[in-house]
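Analysis of the macromolecular model
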Amino acid sequence: MSQAIPQEFWQGIELFNTGQFYACHDTLEALWMEATEPDKTFYQGILQISVALYHLGNGNTKGAIILLGEGSNRLARYPSIYCQVDVDELLEQSIALLKALQKNQLEQIDSSSLEAETLPLPRILVVEE
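Basis of the calculations
Residues numbered from 1 in each chain as written. Predicted model: local features only at pLDDT ≥ 70, side-chain atom pairs only at ≥ 80, totals over all residues. Heavy atoms only, no water. Phe/Tyr/Trp six-rings, centres within 6.5 Å; stacked < 30°, edge-to-face > 60°. Lys NZ or Arg CZ within 6 Å of the ring centre and 35° of its normal. Helix = DSSP H or I, 4+ residues; strand = E, 2+ residues; numbered from the N terminus. Buried < 20%, exposed > 50% of the residue type's maximum accessible area, 1.4 Å probe, protein only. Polar contact = N/O pair within 3.5 Å; in protein donor to acceptor, adjacent residues only side chain to side chain. pLDDT = per-residue confidence, 0-100. Contact = heavy atoms within 4.5 Å.

1. A word on the packing of aromatic side chains
The tally for this structure, following the rule as stated, stands at nine aromatic pairs. Ring-pair connections join several aromatic residues into one group, and the members of that group are Phe 9, Trp 10, Phe 42, Tyr 43, Tyr 78 and Tyr 82. It is Lys 40 that lies over the ring of Trp 32; its NZ or CZ is 5.1 Å from the centre.

2. Topic: the environment of Leu 91
Topologically, Leu 91 is positioned in helix 5 (residues 87-103). C-alpha separation for the pair Leu 91 and Gly 71, spaced 20 residues apart in sequence, amounts to 9.0 Å.

3. Digging into the side chain of Ser 50
Checked against the element boundaries, Ser 50 lands in helix 3 (residues 39-57). With a relative accessible area of 0%, Ser 50 lands in the buried category. At a separation of 2.9 Å, a polar atom in the side chain of Ser 50 contacts the main-chain carbonyl oxygen of Phe 21.

4. A few points about the confidence of the model for the protein chain
Mean pLDDT over the protein chain works out to 88, with 85% of the residues at or above the 70 mark. When the criterion is pLDDT under 50, residues 111-117 qualifies, and its contacts beyond four places in sequence or with other chains add up to eight contacts.

So this is what it looks like as structure tokens:
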């Protein structure tokens, strides 16, 4: 990223980390639509993971699996730290959740299963530069 990280990005990260996935999507979507590469694809990857978690909370396991996979694939192109985000950690958590969902795809997963011990949700870790 060649310029300052927009304030809306930090708002989106805060919303993501507090479980407000739909609001995170709305906040980051405006940034994504105006962004240029390489930031555009980075924002899109986080957006897709956020929407996946929103779907999961609404019992749409299939939608969550698809978007976790797409978002993770987009983020896999980025270095370990990008826009002060620990990309490796976000990918590790997202892929672990994806694998757990794929393994249990035939079971109905409801929002009560989203407890940390049962099915940990990814969080975005910010690294100070």
